[in-house]
Amino acid sequence: MNEPKQDRIYASERPLQDFVFDEKVADVFADMINRSVPGYATIISMIGMLADRYCSPGSMVYDLGCSLGGAALTMTHHISHKDYQLIAVDNSAAMIERFQQALDGRHDSGNIQLVCADLDDIEINNASVVVLNFTLQFIAQERRAGLVRKIYDGMQPGGILILSEKIRFADAHLDELLIDMYHQFKQVQGYSQLEISQKRSALENVLIPETIATHKARMQEAGFRSCDTWFQCFNFASMVAFK
Ligand code: GEK
């Protein structure tokens, strides 16, 4: 397999613009997300294991905000039966095109259907597993409760929602410490100070993190009977909620 192209998007000084998931980002996304989300590879692999436990025969699995299909592909790899359909959705045409190209070269992609759409415009039905892996953080805050409710309503009893997010902390000192440690992590991953600060500014109005308490309250409000964090590294966490 080819090495993913290196993310150099913010390596030289550029005018400040809000971050978008365009061709340039899609082109380097595999490298970008692996070097920008601490624990990404672990989270992806554990999503596969969770999906295998909870994907019931005859049900639907959703990967919402699938990008290049990291979570979708690991789920199809782990789920031990074939009696399910996986719908992977993203509103970035650049991401969906590349994911489709990757699928075209595979023999085991029969269960996956790709949809290029906004999450507001899709239906969720008969789902046993729904994944929002670092996607909800990009949805306008006032739309988040409606989306989580729609997901809950479209799930089977006994199904799970896996929600991974960049998070913030109510305690200002802890918040500052974990952001700082995160930036140190990015430096260790080879990003320069300029890259770190330009990316941070570009995401300022686009990626809005919330506290774990806010996420839990929203999921409980939607009807999930219980939810908790199963992974955390610095200011990145993954939660699981049970219908
Ligand atoms: C992974 N889950 O590799 N409708 C549909 N898609 C959206 C919307 C929306 N309203 N808003 C954002 N997206 C992936 C990583 S990346 C996370 C997810 C990151 C899509 C957006 O186009 C992008 O592909 C994805 O959500 C977020 O496991 O870059 O930090």
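Conventions used here
- Residues numbered from 1 in each chain as written.
- Predicted model: local features only at pLDDT ≥ 70, side-chain atom pairs only at ≥ 80, totals over all residues.
- Heavy atoms only, no water.
- Near = heavy atom within 4 Å.
- Polar contact = N/O pair within 3.5 Å; in protein donor to acceptor, adjacent residues only side chain to side chain.
- Areas by Shrake-Rupley, 256 points an atom, 1.4 Å probe, with all protein chains shown as cover.
- Helix = DSSP H or I, 4+ residues; strand = E, 2+ residues; numbered from the N terminus.
- Nonpolar A, V, L, I, M, F, W, Y, C, P; charged D, E, K, R; others polar.
- Salt bridge = Lys/Arg side-chain N within 4 Å of Asp/Glu carboxyl O.
- Buried < 20%, exposed > 50% of the residue type's maximum accessible area, 1.4 Å probe, protein only.
- Expected span 1.5 Å × (residues − 1).
- Contact = heavy atoms within 4.5 Å.
- Pairing = 2+ DSSP bridges.
- Axes fitted to C-alpha atoms, helices over the stretch in contact; angles between N-to-C directions.
- Phe/Tyr/Trp six-rings, centres within 6.5 Å; stacked < 30°, edge-to-face > 60°.
- Right-handed = clockwise from strand over helix to strand, strands pointing away.
- Core = buried A, V, L, I, M, F, W, Y, C linked by side-chain atoms within 4.5 Å.

Our focus in this paragraph is the site of the ligand. Around the ligand there are 22 residues in total, and Tyr40, Gly65, Ser67, Asp90 and Asn133 lie nearest to it. Tyr40 places a polar side-chain atom, nitrogen or oxygen, 2.5 Å from an oxygen atom of the ligand. A distance of 3.1 Å separates a nitrogen atom of the ligand from a polar atom in the backbone of Leu119. Relative to its free-state accessible area of 660 Å², the ligand is covered by the protein chains to the extent of 94%. Elements with a contribution of two residues or more to the shell around the ligand: helix H1 (23-36) and helix H2 (40-54). Among the residues forming the shell around the ligand, the class breakdown is 12 nonpolar, 7 polar and 3 charged.

Quick look at the pattern of salt bridges now. Note on pairing: side chains with opposite charge can pair once their charged atoms come close. As enumerated under the stated definition, the model contains 9 salt bridges in all. With its nearest N and O atoms 2.7 Å apart, the salt bridge here joins Asp120 to Arg143. Taken together, the residues span a long stretch of sequence, with Asp120 in the loop between strand E3 (112-116) and strand E4 (127-133) and Arg143 in helix H5 (residues 141-153) at a distance of 23 residues. On the basis of relative accessible area, Arg143 is assigned to the partly exposed category, the value being 29%. In this structure, Glu210 and Arg218 form a salt bridge, with 2.8 Å as the shortest nitrogen-oxygen distance.

In this model, H2 (15 residues) spans 21 Å end to end at C-alpha, consistent with the 21 Å of a helix rising 1.5 Å per residue. Among the residues making up H2, those that are buried are Tyr40, Ile43, Ile44, Ile47, Gly48, Leu50 and Ala51. Buried residues along H2 sit in contact with H1, helix H3 (70-78), E4, strand E5 (155-166), strand E6 (226-233) and strand E7 (236-242).

In this section: the sheet that holds E3. Strands sit in the order E3-E2-E1-E4-E5-E7-E6 across an open sheet of 7 strands; the sheet is mixed. Two strands close off the open sheet at either side, each with one partner strand: E3 and E6. Each strand axis lies, on average, 15° off the axis of its neighbour in the sheet, ignoring direction. Note that E6 and E7 share 7 bridges and pair antiparallel. Bridge pairing in E7 links Asp228 to Val240. Set on the sheet, H5 makes contact with strand E1 (59-64), E4 and E5; between it and E5 the angle comes to about 150°.

The geometry of an aromatic ring pair comes down to the distance between the two centres and the angle between the two planes. Taken as a whole, this structure holds 9 aromatic pairs when the rule is applied. For the ring pair Tyr182 and Phe236, a centre distance of 4.8 Å and an interplane angle of 55° mean the geometry is tilted. In this pair, Tyr182 sits in helix H6 (residues 172-188) while Phe236 sits in strand E7, placing the two residues 54 residues apart along the sequence. Accessibility expressed as a relative area gives 6% for Tyr182, which makes it buried. Overall, Phe236 belongs to the buried group, its relative accessible area being 4%. Among the aromatic residues, ring-to-ring pairing joins Phe19, Phe21, Phe29 and Phe138 into one connected group.

Judged from the 5 bridges that link them, strand E2 (residues 84-90) and E3 form a sheet pairing that is parallel. Its bridge partner being in E3, Ala88 is matched across the sheet by Leu114. Since E2 and E3 lie parallel, the crossover through helix H4 (residues 93-104) that links them has a hand, and here it is right-handed.

Counting 50 residues, the largest nonpolar core has Met32, Val61, Met75, Leu86, Phe99 and Val129 as its most contacted members. The contacts of Phe99, once residues within four sequence positions are left out, are Cys66, Ser67, Leu68, Gly69, Ala72, Leu73, Ala88, Ile112 and Leu114. Ala127, Ile139, Leu147 and Ala241 belong to the second-largest nonpolar core, a separate cluster that totals 32 residues.

The next thing to look at is unusual backbone geometry. Even without being a glycine, Ser67 presents a positive backbone phi close to 50°. Ser67 sits in the buried class, given a relative accessible area of 11%.

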